[in-house]
Amino acid sequence: MKRTYISTFITGFQSVIADNLPRVVNIFSIDLLLDGLIMYQSNEEIKSIKRINFINNSFIVLKFFKDIGSLNTDSIIKNIILDKSIDYNIPELKNNRSSFRIIVSSENQLISVNKKLLNDLEIKITKNTKLRINKLKPDLEFWISIRSEGCAFFGLRFTKNPNQEKYLAKGELRPELASILCLLSEPNSDDIFLDPFCGYGSIPIQRIYISKYKTILSYDINNELINNLKSKIKNIQKSKNIKNFFVHNTDALNMKFLSDNYIDKIVTDPPWGFFEKIDNLDLFYSKMLKEFHRVVKNNGIMVLLVANSGTFDKVLEEYKSLFNVENKYTTLVSGKKTVIYKLKNIK
Ligand SMILES: C[S@@+](CC[C@H](N)C(=O)[O-])C[C@H]1O[C@@H](n2cnc3c(N)ncnc32)[C@H](O)[C@@H]1O
C-alpha cells in the first residue's frame, strides 16, 4: 500500500540519507528533505522501515501542513480535529495494538497544549480507531510535530526510540550514527574494513548489518573493551551468521602485523582527547594519520569522527599530500560539535 512516510535522522546528513534510503526501501518520490527529516512516498511495509539502522524514528503521515503561516499550535490541532479527510484506517493498528497517546512537539521539544483541544482530538482518534487512551505506557503514539522550517505534520509513530542513554555505555556511539559513518565509506562486498579504535564496537557491528564485506577488523588498546566486544559478537552470532570478524587488542598507532596497502576502508571514532588523557593530541593524530596512510590502499576511504577538529585540521594540513578531503560533515554527538572527515588515500 502506497503511503506517505516521514523518517527523522541525525542532523547534518541530509545527502547521505537521501542517497541511501532509496537503496534499502522502495521509494516513489522524496517529497521533502530537511535537516533531520525526510518525507517520502513508499509502498514498503512498516516492518521493513523499522529495520533501517541509519534513521531515528518513522511516522505514517496522516496530515501534512506545508506552510503553517500564522497558525498556532491550537489552530493546528483544531484543523486536525475538523479534517474529515484524514484516513485513520491503518491496517497495522489492528495487530494487538490497543492504546495510544498524543505527543505534541515544536522545534524538537515536547510542549504542553490546550487540554480541551487535546481531549477532543483523543476522542476523535478513539472513535476512528477504537484505540484506548493510555498516557503513561501506550502501545502507539500520534505525533503533532511543528518544525522550525514552518511546516508541521500529524502522524502515527511506528518506531520506538528507546532511551539510548539507558542502553549505551559511556562513550559508545549511537547505532544510527555508527551506521551513517559506515555508509559514508561506500560499503562494498569486497571490503577489508577496519575500526582501529573500536571501543564498544558500535561501528564494526553496524558494518555487519549494512551489507556484505570480506573482512572486518576491530582493534582497541583496552583489553576489557576487546573482551566485551568478543562476547557481544558471540551473542549476535546466535541469531546471525557472522564470518571473518576479528577482534584484537592492538595499538592503532603501530599496527605492525598489518602489511602496507592491506585495508580498503577505515571507519573510526578516535579518542576525543577530552575524557581520556592524551598528552600530545597533535602527535597522536600525526602518528595515526601516518599509520592509516601506510595500511590503506591507494584510493582507500577513511571516515573519521573528530571532536577536536581544530587540532585535527592543523595536523591534516601537514599531510595534505597524502590525503584528499572528499567531504566534511558537521553534527552533534552528546551535545558536542563534531566533524566527520571523509578522506581518500593518495599513494
Ligand atoms: C572515542 S572511543 C571509541 C568509541 C567507539 N566508537 C564506541 O562506540 O564504543 C576511542 C577508543 O580508542 C581506544 N584507544 C585509545 N588509544 C588507542 C590506541 N593507541 N590504539 C587503539 N585504541 C586506542 C580507547 O580505548 C577507546 O575505546
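Just so you know, these numbers come straight off a predicted model, no measurement behind them.

## A closer look at the environment of Q237
Step number 1: Among the structural elements, Q237 can be located in helix α8 (residues 223-237).
Step number 2: The class of Q237 is partly exposed, set by a relative accessible area of 35%.
Step number 3: When the C-alpha positions of Q237 and I146 are compared, they lie 42 Å apart, and in sequence the two are 91 residues distant.

## Focus on the pairing of strand β1 (residues 3-8)
Step number 1: The element β1 is largely enclosed, with a buried count of 5 among its 6 residues.
Step number 2: By the bridge criterion, 6 bridges tie β1 to strand β3 (residues 37-42) in an arrangement that is antiparallel. When the sheet's bridge partners are listed, R3 is paired in β3 with S42.

## Focus on the site of the ligand
Step number 1: Taken together, the neighbourhood of the ligand is formed by 21 residues, with L173, Y200, S202, D220 and A252 sitting nearest.
Step number 2: Within the side chain of D251, a nitrogen or oxygen atom sits 2.8 Å from a nitrogen atom of the ligand.
Step number 3: With respect to the ligand, the backbone of A252 contributes an N or O atom lying 2.8 Å from a nitrogen atom.
Step number 4: Compared with its free state, where it exposes 600 Å², the ligand has 89% of that area covered by protein.
Step number 5: Tallied by class, the residues present in the shell around the ligand amount to 12 nonpolar, 5 polar and 4 charged.

## Overview of unusual backbone geometry
Step number 1: The residue E186 is not glycine, and still its phi comes out positive at about 55°.
Step number 2: You can see E186 is positioned in the loop between α6 (175-184) and β10 (192-195).
Step number 3: On the accessibility criterion, E186 (42% relative accessible area) is partly exposed.
Step number 4: In the Ramachandran plot, S334 falls in the positive-phi region, its phi being about 50° despite a non-glycine side chain.
Step number 5: Residue position: S334 is located in the loop between β15 (323-333) and β16 (336-345).
Step number 6: S334 sits in the exposed class, given a relative accessible area of 76%.

## Side note on the side chain of T215
Step number 1: In this structure, T215 sits in strand β11 (residues 215-220).
Step number 2: In this structure T215 touches D191, I192, F193, N244 and F246, once residues within four positions along its chain are discounted.

## Observations regarding the domain arrangement of the protein
Step number 1: When cut into domains, the protein gives domain 1 (3-165) and domain 2 (168-345).
Step number 2: Each of domain 1 and domain 2 was reduced to a C-alpha centroid, and the two centroids are 34 Å apart.
Step number 3: Taken together, the contact between domain 1 and domain 2 spans 15 residues of the former and 16 residues of the latter.
Step number 4: When domain 1 packs against domain 2, close to 1,400 Å² is buried across both sides, 61% of that on carbon and sulfur atoms.
Step number 5: Joining domain 1 to domain 2, the criterion identifies 0 salt bridges.
Step number 6: For the interface between domain 1 and domain 2, the tally reads 2 residue pairs in polar contact (both at pLDDT 80 or more).
Step number 7: At the level of secondary structure, the elements contributing two or more residues to the side of domain 1 that touches domain 2 comprise α1 (14-24) and α5 (164-167).

Parameters and conventions
- Residue positions are given per chain, counting from 1 as you read along its sequence in written order.
- Local features in this predicted model are restricted to residues whose pLDDT is 70 or higher, and side-chain atom pairs enter the listing and the counts only when it is 80 or higher, whereas totals over whole chains, interfaces and linings include all residues.
- Hydrogens and water are ignored here; the side-chain numbers use all heavy atoms of the structure.
- Runs of H or I in DSSP of at least four residues are treated as helices and runs of E of at least two as strands, each being numbered from the N terminus.
- Whether a residue is buried, partly exposed or exposed follows from its accessible area with a 1.4 Å probe, protein chains only, as a fraction of its type maximum: under 20%, in between, or over 50%, in that order.
- When DSSP finds two or more bridges between two strands, those strands count as paired.
- In these notes, residues near a molecule or strand are those with any non-hydrogen atom within 4 Å of it.
- Polar contacts, as counted here, are pairs of nitrogen or oxygen atoms within 3.5 Å of one another; within protein the pair requires one atom able to donate a hydrogen and one able to accept it, and residues that are adjacent in sequence qualify only if both atoms are side-chain atoms.
- Surface accessibility in these figures is a Shrake-Rupley result with a 1.4 Å probe; residues are shielded only by whichever protein chains are displayed.
- In the scheme used here, Gly and all other residues not listed as nonpolar or charged are polar, with Ala, Val, Leu, Ile, Met, Phe, Trp, Tyr, Cys and Pro taken as nonpolar and Asp, Glu, Lys and Arg as charged.
- Pairs of residues are marked as contacts when any of their non-hydrogen atoms sit within 4.5 Å.
- For each domain, the first and last residues come from an automatic or database assignment.
- Note on definitions: buried area is the accessible-area loss of two parts on being combined, 1.4 Å probe, summed for both.
- The term salt bridge refers to a pairing of a side-chain nitrogen on Lys or Arg with a carboxyl oxygen on Asp or Glu at a separation within 4 Å.

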